[in-house]
Amino acid sequence: MIRTQRLAAGVCALLAALASGIAFPAGAVADETTALAPKVDLVLDVSGSMRTKDIDGGTRMAAAKQAFNEVLDATPEEVQLGIRTLGSTYPGDDRRTGCKDTAQLYPVGPLDRTEAKSAVATLSPTGWTPIGPALLKAADDLEGGEGSKRIVLISDGEDTCAPLDPCEVAREIAAKGIGLTIDTLGLVPNTKMRAQLSCIAEATGGTYTSVEHTDELTDKVNQLVDRAADPVVTPVATEGGSSCPKAPTLKSGLYTDREEFGQERWYRVDVDPGKELRASVSVAADRAMNPDHGLLVRAFTTHGREIVRGEAAGSGRTDVISTGLRYPKADSDDDDAPAETVCLLVTNSFSAASGVKTTPGMPVELTVDVVDGPSQADDVASFGLGRGWWLLGALVLFGFLAGLVWGWLSRWRVAVWRTN
């Protein structure tokens, strides 16, 4: 009897140990999932100007509330979302108090849609527009975790609390290196507001969008929230070679490199029969450059024959210039046909005034993708014209017919003139 009780106790202890062993990893997995969850903080301007009735016949505040309700319904489950307001509580004229008027309406975390909608329903246009202080607080709202972090700022006016310049605040946030992106949306913008919101977005690699209709606001905020849920791809550092034989062989993926002024970099990609190579290159002007510059990416065979190219030119109006190319490899009846090695050459024509450092080189981002090729690979990449051959043929035929008609009309007019 005693032996039976001991055996039963041992079995129970074993089961308890197994249950504990299973439970702890599950908790660890849950904690890890929470740490990697993407976070979004919607920052809404609730200043007095939001009473203006110029969006689809209603007030700007009504448009924002409607958009927020639809966005809350569509927010992915994995996104931790919060809402912060600026100018929502202080209606007075004291600047010092008005410039502190930012509050967390709904904390960043797992979304309770009913509770968040109830909080949005209480908002009423009130006071100032302290964009800079609101951005600083929003950055604090998103602290912690390893997932993507995004602030979506919706405002209908420029900041009224200078000298705390919101553009400088955005640069300060970017300099922390916490991977936080700020996207801005301007409701019925003017020139000054557009410039300020664009500067805020550009400082952190975000986007600026002008909005004049409720559906535009809803669609854009939904797009930005969904973008936060997309997996973040970290570029792989590589170093291009000085020639094709010395170049690294790249697989499909995102790569980063450095390239000095006028320098060329080589990379190799293996393309199987029936596949298509898609490559794009972006170079960032991370220092003062002369206004006119260009970027060229070319695909060669290992024997030096150029296959296709992509090129782009810049005039100094943007800090990034990009181009790309496509090369489909025709399918083969031989199942054992070897892959073709394609050599990618990236060159630039950037230049800088004297005194500007040439090292380290400019940041280069290279995207390589090898996908299933089109059914008519030869037509798509014919001499780099792609399906432009059809247009070129149509233009030649049209020119020939137009020449015949013009010649006949000219001869007829000359004959009539001679007769008269």
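Since we're looking at a predicted model, the values are computed, not measured.

### Quick notes on the overall build of the protein chain
Part 1 of the argument: When you go through the protein chain residue by residue, the secondary structure sums to 10 helices and 17 strands.
Part 2 of the argument: When burial is assessed residue by residue, the protein chain has 40% of its 420 residues classed as buried.
Part 3 of the argument: For the protein chain, the proportion of contacts with a sequence separation of at least 24, taken over those separated by at least 6, is 74%.

### Things to note about the confidence of the model for the protein chain
Part 1 of the argument: This prediction gives the protein chain a mean pLDDT of 84; 86% of its residues lie at or above 70.
Part 2 of the argument: Of all the helices and strands in the protein chain, helix α9 (residues 377–380) carries the lowest mean pLDDT, 45, while strand β1 (residues 39–45) carries the highest, 96.
Part 3 of the argument: Predicted confidence is poor over residues 17–30, with pLDDT under 50, and the contacts of this stretch with residues over four places away or in other chains come to one contact.

### Concerning helix α5 (residues 131–141)
Part 1 of the argument: With eight of 11 residues buried, α5 lies mostly within the body of the structure.
Part 2 of the argument: Looking at α5, one finds that the buried residues are I131, G132, P133, A134, L135, A138, A139 and D141.

### Some thoughts on the sheet that holds strand β8 (residues 208–211)
Strand pairs in the sheet, formed through backbone hydrogen bonds, run parallel or antiparallel to each other.
Part 1 of the argument: The strand order across the open sheet formed by six strands is β5-β4-β1-β6-β7-β8, and the pairing between neighbours is mixed. A strand with exactly one partner marks an edge of an open sheet, and here the two such strands are β5 (102–109) and β8. For this sheet, the mean angle separating the axes of adjacent strands, direction not counted, is 15°.
Part 2 of the argument: In this sheet, strand β7 (residues 180–187) lies alongside strand β6 (residues 149–155) in parallel orientation, the contact comprising seven bridges. Note on β7: the bridge partner recorded for V152 is D183.

### Things to note about helix α4 (residues 113–121)
Part 1 of the argument: The complete set of buried residues in α4 reads A116, A119 and V120. In a view along the axis of α4, the buried residues occupy a sector of 100°, so they form one face of it. Residues T114 and A121 are exposed on α4 and point more than 90 degrees away from its buried face.

### Examining the environment of V364
Part 1 of the argument: Here V364 lies in strand β17 (residues 362–372).
Part 2 of the argument: Overall, the relative accessible area of 3% leaves V364 in the buried class.
Part 3 of the argument: Between the alpha carbons of V364 and V283 there is a distance of 4.6 Å; along the sequence they are 81 residues apart.
Part 4 of the argument: Excluding residues that lie within four positions of it along the chain, V364 makes contacts with Y255, T256, D257, R258, E259, V281, S282 and V283.

### Thoughts on the state of the cysteines
Part 1 of the argument: Per the stated rule, a full pass over the model turns up three disulfides.
Part 2 of the argument: Paired through a disulfide, C167 and C199 show a sulfur-sulfur distance of 1.7 Å. Looking along the S-S bond of the C167-C199 disulfide, the torsion reads about -50°, which is the left-handed sense. Of this pair, C167 sits in helix α6 (residues 166–175) while C199 sits in helix α7 (residues 191–203), and the two are 32 residues apart along the sequence.
Part 3 of the argument: When the cysteines engaged in disulfides are numbered in sequence order, the protein chain pairs them as 1-2, 3-4, 5-6.

### With respect to the packing of α6 against α7
Part 1 of the argument: At a minimum axis separation of 8 Å, α6 and α7 run at an interaxial angle of 5°. When the axes of α6 and α7 are compared, the pair comes out roughly parallel. Contacts from P166, C167, A170, R171 and A174 in α6 reach Q196, C199, I200 and A203 in α7.
Part 2 of the argument: The residue inventory of the contact of α6 with α7, partitioned by class, reads seven nonpolar, one polar and one charged.

### A closer look at the sheet that holds strand β16 (residues 340–348)
Part 1 of the argument: Taken in spatial order, the four strands line up as β11-β16-β13-β14 in an open sheet, and their pairing is antiparallel. Looking at the sheet topology across the chains shown, the edges are occupied by β11 (264–271) and β14 (306–314). Between one strand axis and the next, the sheet turns through 15° on average, direction left out of account.
Part 2 of the argument: In the sheet, β11 pairs with β16 via eight bridges, with the strands oriented antiparallel. Pairing of V269 across the sheet is with V342, part of β16.

### Observations concerning a nonpolar patch on the surface
Part 1 of the argument: Taken together, V405, W406, W408, L409, W412 and V416 make up a surface patch of nonpolar side chains, about 690 Å² in accessible area.
Part 2 of the argument: Within the secondary structure, L409 is located in helix α10 (residues 388–419).

### Observations regarding the pattern of salt bridges
Where charged atoms from two side chains of opposite charge approach closely, those side chains can pair.
Part 1 of the argument: Tallied over the full model, the rule gives 14 salt bridges.
Part 2 of the argument: Between D257 and R265 there is a salt bridge whose closest N-O contact spans 3.8 Å. Each member of the pair, D257 as well as R265, carries the same accessibility label: buried.
Part 3 of the argument: Residues participating in the shared-partner salt-bridge network are D54, R60 and D156.

### Let's talk about the packing of helix α2 (residues 60–74) against α4
Part 1 of the argument: Close contact between α2 and α4 brings their axes to 10 Å; oriented N to C, the two are set at 170°. Taken together, the axis directions place α2 and α4 in an arrangement best described as roughly antiparallel. Here α2 contributes K65, F68, N69, L72, D73 and A74 to the contact with α4, which in turn contributes R113, A116, K117, V120 and A121.

Cut-off values and rules
Residues numbered from 1 in each chain as written. Predicted model: local features only at pLDDT ≥ 70, side-chain atom pairs only at ≥ 80, totals over all residues. Heavy atoms only, no water. Helix = DSSP H or I, 4+ residues; strand = E, 2+ residues; numbered from the N terminus. Buried < 20%, exposed > 50% of the residue type's maximum accessible area, 1.4 Å probe, protein only. Contact = heavy atoms within 4.5 Å. pLDDT = per-residue confidence, 0-100. Pairing = 2+ DSSP bridges. Axes fitted to C-alpha atoms, helices over the stretch in contact; angles between N-to-C directions. Arc of directions from axis to C-beta. Disulfide = S-S within 2.5 Å. Parallel < 35°, antiparallel > 145°, perpendicular 65-115°, else oblique. Nonpolar A, V, L, I, M, F, W, Y, C, P; charged D, E, K, R; others polar. Patch = residues over 30% accessible without salt bridge, like charges linked within 9 Å, V, L, I, M, F, W, Y side chains within 5 Å. Areas by Shrake-Rupley, 256 points an atom, 1.4 Å probe, with all protein chains shown as cover. Salt bridge = Lys/Arg side-chain N within 4 Å of Asp/Glu carboxyl O.

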